[in-house]
Amino acid sequence: MNHGTFKIVLLGEPGAGKTTGIGAVSDIPPVVTDVACTDELAQLKERTTVAMDYGEMALSESERLLLYGLPGQPRFRFMFDVVKEGLNGVVVLVDALATDPMAGFDQTMDTYHDQLRHLPLVVVVNKPRGDETALLVRIQASLRKRQLVAPSIVADVRHREQMASIFELIFLCAEYGDV
């Protein structure tokens, strides 16, 4: 990978906003591998990612950010191995509108714990409904239990400027250690 190319992966439970976030910032038509749900997930949503979503964002005239959204189901964990080389950081999305947002977050953390220990990480509560302070406190407690340190913020991934701020935070974590 050349010096002007950076990679970030988005993780989270199905429906957390990975596809939406990539679509909000990608300068190219995003590659989306959504198919109709055929399992118990069909009760929650019509379509889900089965391989990965991909998009690119220009950081400058000579720098590009490659974005990968991985499926939320643990059985697709192997996809992380496909994108891990040269990875600059991870964004874990938490769906604030989910019946139990912590269940999805904990499942993601359990699935990817070993990989996340070695990468800059930001946790984003997406789809905020108001005051998400209690959820942020629970996320921080869950991270501490796993001996992980990462900022957790609230953002709406439908907005390009909020996604760009998330990526800036990832790069700050990489440059200065956990902030």
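In this report, the structure presented in the accompanying data block is examined. Not measured: the values here are computed from a predicted model.

The next thing to look at is the overall build of the protein. Along its length, the protein carries five helices and eight strands. Helices and strands appear in the protein in the N-to-C order β-α-β-β-β-β-α-β-α-β-α-β-α. For the protein, the residues scored as buried account for 51% of the 179 residues in total. Long-range contacts, defined here as pairs at least 24 residues apart, represent 70% of the contacts in the protein between residues at least 6 apart. With an accessible surface of roughly 8900 Å², the protein has 52% of that area assigned to carbon and sulfur atoms.

Our focus in this paragraph is the side chain of K18. Within the element layout of this structure, K18 appears in helix α1 (residues 18–25). An unpaired buried charge is present at K18: no salt bridge exists, and D53, the closest side chain of opposite charge, is 7.1 Å distant. Looking at K18, its side chain comes within polar contact range of the main-chain oxygen of G12, at 2.8 Å. From its side chain, K18 meets the backbone oxygen of E13 in a polar contact 3.0 Å long. Those residues within four positions of K18 in sequence are excluded, and the remaining contacts are L10, L11, G12, E13, D53, G69, L70, P71, G72 and L93.

Once that is clear, we can look at the packing of helix α3 (residues 101–116) against helix α4 (residues 133–145). Contact geometry of α3 with α4 gives a least axis separation of 11 Å together with a crossing angle of 25°. The angle between α3 and α4 falls in the class roughly parallel. Seen from above, α3 lies across α4 with right-handed handedness. Of α4, the residues touching α3 (which contributes P101, M102, F105, D106 and M109) are L135, R138, I139, S142 and L143. Tallied by class, residues from the contact of α3 with α4 come to seven nonpolar, one polar and two charged.

Our focus in this paragraph is the sheet that holds strand β7 (residues 121–126). Spatial ordering of the open sheet is given by β4-β5-β1-β6-β7-β8, a layout of six strands whose pairing is mixed. Both outer strands of the open sheet, β4 (53–58) and β8 (152–154), are each paired with one neighbouring strand and no more. Going across the sheet, the axis of each strand differs from the next one's by a mean of 25°, ignoring polarity. Pairing analysis gives six bridges linking β4 to strand β5 (residues 64–69), with the strands arranged antiparallel. Paired with D53 across the two strands is G69, which belongs to β5. Along the sheet, α1 contacts β1 (5–12), β4, β5 and β6 (89–95); its crossing angle with β4, the most-contacted strand, is approximately 30°. Contacting β1, β6 and β7, α3 runs over the sheet at an angle of about 165° to β6.

Within β7, six of the six residues are buried, which leaves it mostly tucked inside the rest of the structure. Along β7, one buried face is formed by L121, V123 and V125 and the opposite face, lined by V122, V124 and N126, is buried too. One ladder, built from six bridges, connects β6 with β7; its direction is parallel. Its bridge partner being in β7, D95 is matched across the sheet by N126. You can see the chain leave β6, run along α3 and come back into β7, and the turn it takes is right-handed. Direction of pairing for β7 relative to β8: parallel, over a ladder of three bridges. Across the sheet, the residue bridging to V124 is I153, located in β8. The parallel pair β7 and β8, bridged by α4, forms a crossover whose chirality is right-handed.

Rules and cut-offs
Residues numbered from 1 in each chain as written. Predicted model: local features only at pLDDT ≥ 70, side-chain atom pairs only at ≥ 80, totals over all residues. Heavy atoms only, no water. Helix = DSSP H or I, 4+ residues; strand = E, 2+ residues; numbered from the N terminus. Buried < 20%, exposed > 50% of the residue type's maximum accessible area, 1.4 Å probe, protein only. Contact = heavy atoms within 4.5 Å. Areas by Shrake-Rupley, 256 points an atom, 1.4 Å probe, with all protein chains shown as cover. Lys, Arg positive; Asp, Glu negative; His and termini not counted. Salt bridge = Lys/Arg side-chain N within 4 Å of Asp/Glu carboxyl O. Polar contact = N/O pair within 3.5 Å; in protein donor to acceptor, adjacent residues only side chain to side chain. Axes fitted to C-alpha atoms, helices over the stretch in contact; angles between N-to-C directions. Parallel < 35°, antiparallel > 145°, perpendicular 65-115°, else oblique. Left-handed = near helix turned anticlockwise from the far one by under 90°. Nonpolar A, V, L, I, M, F, W, Y, C, P; charged D, E, K, R; others polar. Pairing = 2+ DSSP bridges. Right-handed = clockwise from strand over helix to strand, strands pointing away.

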